[in-house]
Amino acid sequence: MRKIISKRHGLSVLLVFLMVFSSFSVPMNVGFAASETKGNMLKNGGFETDFFNDQSWNITDVDWNNVDITHFFYTDDEWIHPNAGLAAFKYWIKNTATEKQSITVSQVVPHLPAGSYELSVQSMGGIDADAGNVKLFAGEETLQPISTKGYNAWEEITLKFELEEDTSNLQIGAIITGEPDAWGYLDSFKLTPQVNENIPEPVEADIFVKRVAGLDDDFIKGVDISSIIALENSGVRFYDYDGKEQDIFKTLKEAGVNYIRVRVWNDPYDADGNGYGGGNNDLDTAIKIGKRATEHGMKLLVDFHYSDFWADPGKQMTPKAWQKLSFEDKKTALYEYTKESLQAMLDANIDIGMVQVGNETNGSFVGESDWTKISALFNAGSKAIREIDSNILVVLHFTNPETSGRYESIAQTLYENNVDYDVFASSYYPFWHGTLDNLTTVLRNVADSYDKKVMVAETSYAYTYEDGDGHSNTAPKESGQTLNYPITVQGQATAVRDVIEAVANVGEAGIGVFYWEPAWLPVGPADNLEGNKVIWEEHGSGWASSYAAEYDPHDAGVWYGGSAVDNQALFDFNGHPLPSLNVFKYVNTGAVAPLKVDKINDIAISVNLGNTISLPDTVTVVYNDGSVGNVPVQWNKEQLEELKDKGVGIYRIAGTIDDDIIVQAQIEVRPINYVHNPSFEDNDRSMWKVIHREGTLPHTSYQQKAADAKTGEYSLHFYSASRVDFYIEQTITGLAPGYYNFSMFLQGGDANNSDMYIYARTSNGEEKVYTSVNGWVNWNTPELENILILDGTVTIGASIKADGGAWGTLDDFYLYKVKDYNDESTGNDDSDENNDESTDNNDSDENNDESTGNNDSNENKDGVSDNDGFEEKKDEVTDHDSVGREETSSKSELDINNEDSTSNNQTDDKLSNERNDKVLPNTATNIYNLLMIGLLLIILGSVIVVLRNRLARNE
């Protein structure tokens, strides 16, 4: 492969040009094919899972001595244009081969009914002599080989064939041939039945929706509106598209919704009858919702949490009434509660189609974490359902499909424990849960391997950044979330449509999708938070009330309040349906709308202080049909001119495009970060050294997962079931003498007996500050301040120790200079005059910079020994997000559109908090330096005398 790589480097300039040029596009009219396809019938068609391990693909007729085949991740090549998902099939015929080689990639399809089919694959690779030749086959049907046409020149290869009768065990795949040094990639392998049907014309609407082909009439298009009764009791009203007040159940039915999901808690009340909130969803409330759903022709999915309040992967608390029961008694109680509850609902003539036994039960259920007991509890619920009505589908619900192997492991455990169920359901929130290709793959694997139906029980997406009720929302966030769609009504509709397609692509086993809480609206405006709190407490219409603290003190008891998803509703804050609600019926027909800009990709750049600020002439826009274009932008010249006189900080410059649409450019002027590859985004991480201490196996990795990274995609992830014990460090050279600050971001959990700290090691010794982890994406930012570097070299790093089970990530290491070093420790007011990285004009801070170098009283107050010539800082841990680098930025942030402040406010506030207890090393005094110089002169003089005497003797 070395030859291939060298060729790419030789063409790097051309490739960069091609990549940039190819990114420019213009909006195009939507086209509609005469025929469309159902879901992919192949396993792991996108090669998202390791085909060597799961044996989803057979690789035969290959000489492994002359051929290299890899499960390739797109992130391993920064220049490649990914075709789809995260991975691909990569091949290379070694340059040591002496003749043409062949590779057969195939799998066997167990059963195909008679009909028309299309087999397709995406192919890309070498050109001319280095080309791979790909020939598709399906049984005896073949296609002439198609040669690859160059790096990033993806091409779809298609074979259409007919089966006159039902066929079993049909082998399909591709035969790849090539000369020595040929190479290429395959991705998006699909086998789809061709549906000969009359495709309806897309309807004219306010949004674009691409039709999802092959949806059955009974495909579930559901919503969970468990909070609706509490909301209506709180005065929330709902309307139709004409602005007339209307029962929300009628509006949902008219929009194509055919299923309602409702959660049920055993006893969501305290001893005085005060509701825990979240809709106060007891059985009586569920019956009210179920009756209204049935009246409007929609089936009901009953979601038993088997808890008195929220059950999710983080907590599966036992109901109060069951807490003292033995396991056998608990199992009996669950069986009886399920049976009695369902009977009460059926007695109310509710049309129940499915019952969910537990909610997001990844690793625990009703207080049990042993899978044998969990399985027994599942079966107790299933038994009750079967006895009530054998036609009701039994659903088990899990989440985190993005975690490799999770669903396979759970499904295998359920199989081994003989758990009786029909539907394997998954939550899928695009913010956190990986790619849609992966979702389809993991659900199809469960469906095919264990003969289960599959569905998405929860999904949602935001349509606005605004908060409607004063209680903060879960999404979108600036970090830790994947936002693949615009935060607009169109983006919301497309997100829902794509989840529906992902489930449909599973095939017949993919039965539907539920949108979670599309009507959890504000009970009052955001600027009336105190008034909203009263309503939430009275009617339980917020996600939790203060009364829930008795049952869930660590979560609800701390964070109780309103709706955290009002910006993900399918209604606006005032109860009017959004166009995105109609996605449930548009997926059957498609929809088109007038073309318009849906999103502008704001510009964000960082420059070092003193460098020229250059903004682009065009900005990238996303249109509502999903196409992308580049349009000219006019930046505010006055704001740009003013920015020249500003210091360190974050600034915003306004720009306009056609139709006076406003775009923002965020410019961060910052001190230089001297850490190389500080957030691990670059593939070259050789500057970092990760050491796992003696007695431990490697338990860290550079993980690509935006949800676990502070910024970007990558972070250093750690986990060990036995013991976490490692350190990571980087040595930086060539620094100017001066004082520096060093920080990083850290998050994680389950770290018992932890010993975690960051450190900076210089010629003067080592400084450190201790830290800890306290939950997922609860980022801590330990920081070392005023590190004195005299010889230009420092080693910065982090040491992480904890008991087995600890997990977490490290990200965004930051080392920057705060001021120059002045070897006169006299507190001179002018000590910072020449510091070009600080705009601080506060004389009082400058007077304190170095005046305490030998102040024993300050040293004694801290109880710090300076015997080693350095100071150790402890217990300076911060537990919130806006600290460290982000705190610096926010304190110096200036929105020029509303500017009242002067450049003096733009300095790094940390300079105004200079520590009074900084102890200079003993070697940093003038007397010491003079003594050293004198000693060196004496030694030099002695050497000269000795050399002269030797020369004299030789003469």
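About the criteria used
Residues numbered from 1 in each chain as written. Predicted model: local features only at pLDDT ≥ 70, side-chain atom pairs only at ≥ 80, totals over all residues. Heavy atoms only, no water. Salt bridge = Lys/Arg side-chain N within 4 Å of Asp/Glu carboxyl O. Helix = DSSP H or I, 4+ residues; strand = E, 2+ residues; numbered from the N terminus. Buried < 20%, exposed > 50% of the residue type's maximum accessible area, 1.4 Å probe, protein only. Pairing = 2+ DSSP bridges. Axes fitted to C-alpha atoms, helices over the stretch in contact; angles between N-to-C directions. Patch = residues over 30% accessible without salt bridge, like charges linked within 9 Å, V, L, I, M, F, W, Y side chains within 5 Å. Areas by Shrake-Rupley, 256 points an atom, 1.4 Å probe, with all protein chains shown as cover. Lys, Arg positive; Asp, Glu negative; His and termini not counted. Charge placed at Lys NZ, Arg CZ, Asp CG, Glu CD. Core = buried A, V, L, I, M, F, W, Y, C linked by side-chain atoms within 4.5 Å. Contact = heavy atoms within 4.5 Å. pLDDT = per-residue confidence, 0-100. Parallel < 35°, antiparallel > 145°, perpendicular 65-115°, else oblique. Left-handed = near helix turned anticlockwise from the far one by under 90°. Nonpolar A, V, L, I, M, F, W, Y, C, P; charged D, E, K, R; others polar. Phe/Tyr/Trp six-rings, centres within 6.5 Å; stacked < 30°, edge-to-face > 60°. Expected span 1.5 Å × (residues − 1). Polar contact = N/O pair within 3.5 Å; in protein donor to acceptor, adjacent residues only side chain to side chain.

### With respect to the pattern of salt bridges
At step 1: Overall, the coordinates contain 35 salt bridges when judged by the stated rule.
At step 2: A salt bridge links Glu517 to Arg263, with the shortest nitrogen-to-oxygen separation between them at 2.9 Å. On the criterion of sequence distance, the pair formed by Glu517 in the loop between strand 21 (510-516) and helix 12 (529-539) and Arg263 in strand 15 (residues 259-264) is long-range, its members being 254 residues apart. Across the pair, Arg263 and Glu517 agree in class, each one buried.
At step 3: One salt bridge connects Lys315 with Asp552, and the closest N-O pair in it is separated by 4.0 Å. With Lys315 in the loop between strand 16 (299-304) and helix 7 (327-347) and Asp552 in the loop between helix 12 and helix 13 (556-559), this residue pair connects regions lying 237 residues apart in the sequence. Assigned by exposure class, Lys315 and Asp552 land together as buried.
At step 4: Three or more residues are tied together by salt bridges with common partners; here these are Asp224, Arg261, Arg263, Asp303, Glu458 and Glu517.

### Examining the sheet that holds strand 23 (residues 597-600)
At step 1: If you walk across this open sheet you meet the three strands as 23-25-26, and the pairing is antiparallel. Strands at the two margins of the open sheet, each flanked by one partner only, are strand 23 and strand 26 (628-632). Each strand of the sheet is rotated relative to its neighbour by a mean of 40°, with strand direction disregarded.
At step 2: Where strand 25 (residues 618-623) meets strand 26, five bridges bridge the pair, whose relative direction is antiparallel. Note that in strand 26 the partner of Thr618 across the bridge is Pro632.

### A few points about a negative patch on the surface
At step 1: A contiguous patch of negative charge, built from Glu140, Glu141, Glu162, Glu164, Glu165 and Asp166, is present on the exposed surface.
At step 2: Relative to the assigned elements, Asp166 resides in the loop between strand 10 (150-163) and strand 11 (167-178).

### Thoughts on the nonpolar core
At step 1: Grouped together as the largest cluster of nonpolar side chains are 114 residues, with contacts concentrated most on Ile260, Phe424 and Phe584.
At step 2: Looking at which element gives the most residues to this core, the answer is helix 11 (residues 489-504), with eight residues.
At step 3: Ignoring any residue separated from it by four or fewer positions in sequence, one finds Ile260 in contact with Val223, Ile225, Phe249, Leu252, Ile289, Ala293, Met298, Lys299, Leu300, Leu301 and Phe514.

### Observations regarding the confidence of the model for the chain
At step 1: When the pLDDT values of the chain are averaged, the result is 84; 82% of them are 70 or greater.
At step 2: Confidence drops under a pLDDT of 50 for residues 1-38, and excluding neighbours within four residues, the segment shows 59 contacts in the predicted structure.
At step 3: Across residues 826-927 the pLDDT falls below 50, and counting only partners more than four positions away or on other chains, this stretch makes 195 contacts in the model.

### Describing the packing of helix 7 against helix 8 (residues 371-388)
At step 1: Two elements in contact, helix 7 and helix 8, have axes separated by 9 Å at closest approach and are oriented at 30°. As judged from the angle between their axes, helix 7 and helix 8 are roughly parallel. The two elements helix 7 and helix 8 meet at a crossing, and its hand is right-handed. Counted together, Phe327, Lys330, Lys331, Leu334, Tyr335, Thr338, Lys339, Leu342, Gln343 and Leu346 of helix 7 and Lys373, Ala376, Leu377, Ala380, Gly381, Lys383, Ala384, Ile385, Glu387 and Ile388 of helix 8 form the full contact between these two elements.
At step 2: Of the residues assigned to the contact of helix 7 with helix 8, the class counts are eleven nonpolar, three polar and six charged.

### Concerning the packing of aromatic side chains
At step 1: Taken as a whole and assessed by the stated rule, the structure comprises 48 aromatic pairs.
At step 2: Ring centres of Phe304 and Tyr306 lie 5.5 Å apart, and the angle between their planes is 35°; this geometry places the pair in the tilted category. The exposure classification of Phe304 matches that of Tyr306, with both residues buried.
At step 3: Judged by centre distance (4.9 Å) and plane angle (35°), the ring pair of Phe398 and Phe424 falls under tilted. Of the two residues, Phe398 is situated in strand 18 (residues 393-398) and Phe424 in strand 19 (residues 423-427); the sequence distance between them amounts to 26 residues. Phe424 shares its class with Phe398; the two are buried.

### Remarks on helix 10 (residues 436-450)
At step 1: Given a rise of 1.5 Å per residue, 15 residues ought to cover 21 Å, and the 21 Å separating the end C-alpha atoms of helix 10 matches this to within 8%.
At step 2: Of all 15 residues in helix 10, eleven are buried; the element is thus mostly enclosed.
At step 3: Listed as buried for helix 10 are Leu436, Asn438, Leu439, Thr440, Thr441, Val442, Leu443, Arg444, Val446, Ala447 and Tyr450.
At step 4: Contact partners of the buried residues in helix 10: helix 9 (406-416), strand 19, strand 20 (453-458) and helix 11.
At step 5: Two to three positions downstream of the cap, the backbone nitrogen of Asn438 sits 3.0 Å from a side-chain oxygen, assigning the N-cap of helix 10 to Thr435.
At step 6: Trailing helix 10 by a residue or two, Asp451 shows a phi angle of about 55°, which is positive.

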